Amino acid sequence: MVSRMFRIETEVDKERSQFLRSRLREANVAASPMLRSLRGTPGEREVPLHVWALEADGSVVGGLVGHTWATWLHVAYLWVDERCRGGGLGSHLLSRAEHLARTSRGCRSSRLETWDFQAPGFYLKQGYEVVCVIPDYPPGITEYTLTKHLP
């Protein structure tokens, strides 16, 4: 039970969001020896990692957007234009990101999320393993979290 009265707001506030994030990070670092050991190392910060496939005119026909953190590559988005699918471009983009993460940033693992109608089969062929399945997220769709050890 809350013993004091508080004003509760629901507005989106970027400044408060950053404040909350920094406080949560402080609490996490205080509670976790592993997170404390990252302090002052290159692995402490999320570093963007992008790989693009471009036509001669500069138009994007595919790309991967992700970041590295704490020896992990996190793939947020991987997309290939429909007319370029089936020729290995998606595999090439993913392989290139994994290579950069491993060789330039010391990553040992990769993770990503995908929905059942997107590309779980594609990622399984690339050596990823399903570690989490969330049915009905969003309703009628299954979300998969997959990981891969980067040799």
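As shown above, the structure is provided for reference.
In this text the structure is predicted, and so the values were computed from the model without any measurement.

Visitor: How should I be thinking about the overall build of the protein chain in this particular structure?
Guide: On a plain count of helices and strands, the protein chain comes out with 4 helices and 6 strands. Listed by position from the N terminus, the elements making up the protein chain come as α-α-β-β-β-α-β-α-β-β. Taken over the C-alpha trace, the protein chain has a radius of gyration of 19 Å; the compact-globule value for 151 residues is 15 Å, which it surpasses by more than 25%. In terms of overall dimensions, the protein chain has C-alpha extents of about 60 × 40 × 35 Å along its principal axes. Across the 151 residues in the protein chain, those meeting the buried criterion constitute 26%. Look at the contacts in the protein chain between residues 6 or more apart in sequence, and 49% of them connect residues 24 or more apart.

Visitor: Mind showing me how you'd approach the pattern of salt bridges here?
Guide: Should the charged atoms of two oppositely charged side chains come close, the side chains can pair. Under the counting rule described, the total for this entry stands at 10 salt bridges. Salt-bridge contacts for Arg39 lead to Glu44; the nearest nitrogen and oxygen are separated by 3.2 Å. Since its relative accessible area comes to 53%, Arg39 is described here as exposed. Two residues, Asp81 and Arg83, come together in a salt bridge whose shortest N-O distance is 3.2 Å. Among the charged side chains, a salt-bridge network with shared partners connects Arg7, Glu9, Asp13 and Arg16.

Visitor: Can you walk me through the nonpolar core in this structure?
Guide: Most often, soluble globular proteins have nonpolar side chains that are buried together. Within the largest apolar cluster, 18 residues are counted, with the highest numbers of intra-cluster contacts made by Leu49 and Leu64. Mapped by element, the contributors of at least two residues to this core are β1 (47–54), β2 (60–69), β3 (72–80) and α3 (89–105). For this core, the leading source of residues is α3, giving 4 residues. The residues touching Leu64, leaving out its near neighbours within four places in the chain, are Leu49, His50, Val51, Val75, Tyr77, Leu78, Leu93, Leu94 and Ala97.

Visitor: Please clarify how the environment of Cys84 should be interpreted in this entry.
Guide: By secondary structure assignment, the location of Cys84 is in the loop between β3 and α3. Linking Cys84 and Cys132, residues 48 residues apart in sequence, is a C-alpha distance of 30 Å. What Cys84 contacts, discounting residues up to four positions off in sequence, is Val61 and Leu89.

Visitor: I keep staring at the pairing of β3 and nothing clicks. Help me out?
Guide: Regular strands place side chains that alternate from one sheet face to the opposite one. Judged from the 8 bridges that link them, β2 and β3 form a sheet pairing that is antiparallel. Looking across to β3, one finds that Val65 is bridged to Tyr77. Counted along the chain from β2 to the antiparallel partner β3, the turn is 2 residues long, and its residue Ala70 has a positive phi close to 50°. Where β3 meets strand β4 (residues 109–115), 4 bridges bridge the pair, whose relative direction is parallel.

Visitor: Looking at this structure, I do not really get the sheet that holds strand β5 (residues 129–134). What am I missing?
Guide: The strands making up a sheet associate through backbone hydrogen bonding, with each pair oriented either parallel or antiparallel. Pairing is mixed in the open sheet, where 6 strands are placed in the order β1-β2-β3-β4-β6-β5. Every interior strand has two partners, whereas the edge strands, β1 and β5, have only one. Mean inter-strand twist for the sheet, computed between neighbouring axes without regard to direction, equals 20°.

Cut-offs used in this document
Residues numbered from 1 in each chain as written. Predicted model: local features only at pLDDT ≥ 70, side-chain atom pairs only at ≥ 80, totals over all residues. Heavy atoms only, no water. Helix = DSSP H or I, 4+ residues; strand = E, 2+ residues; numbered from the N terminus. Rg over C-alpha atoms; globule rule 2.2 N^0.38 Å. Buried < 20%, exposed > 50% of the residue type's maximum accessible area, 1.4 Å probe, protein only. Contact = heavy atoms within 4.5 Å. Salt bridge = Lys/Arg side-chain N within 4 Å of Asp/Glu carboxyl O. Core = buried A, V, L, I, M, F, W, Y, C linked by side-chain atoms within 4.5 Å. Pairing = 2+ DSSP bridges. Axes fitted to C-alpha atoms, helices over the stretch in contact; angles between N-to-C directions.

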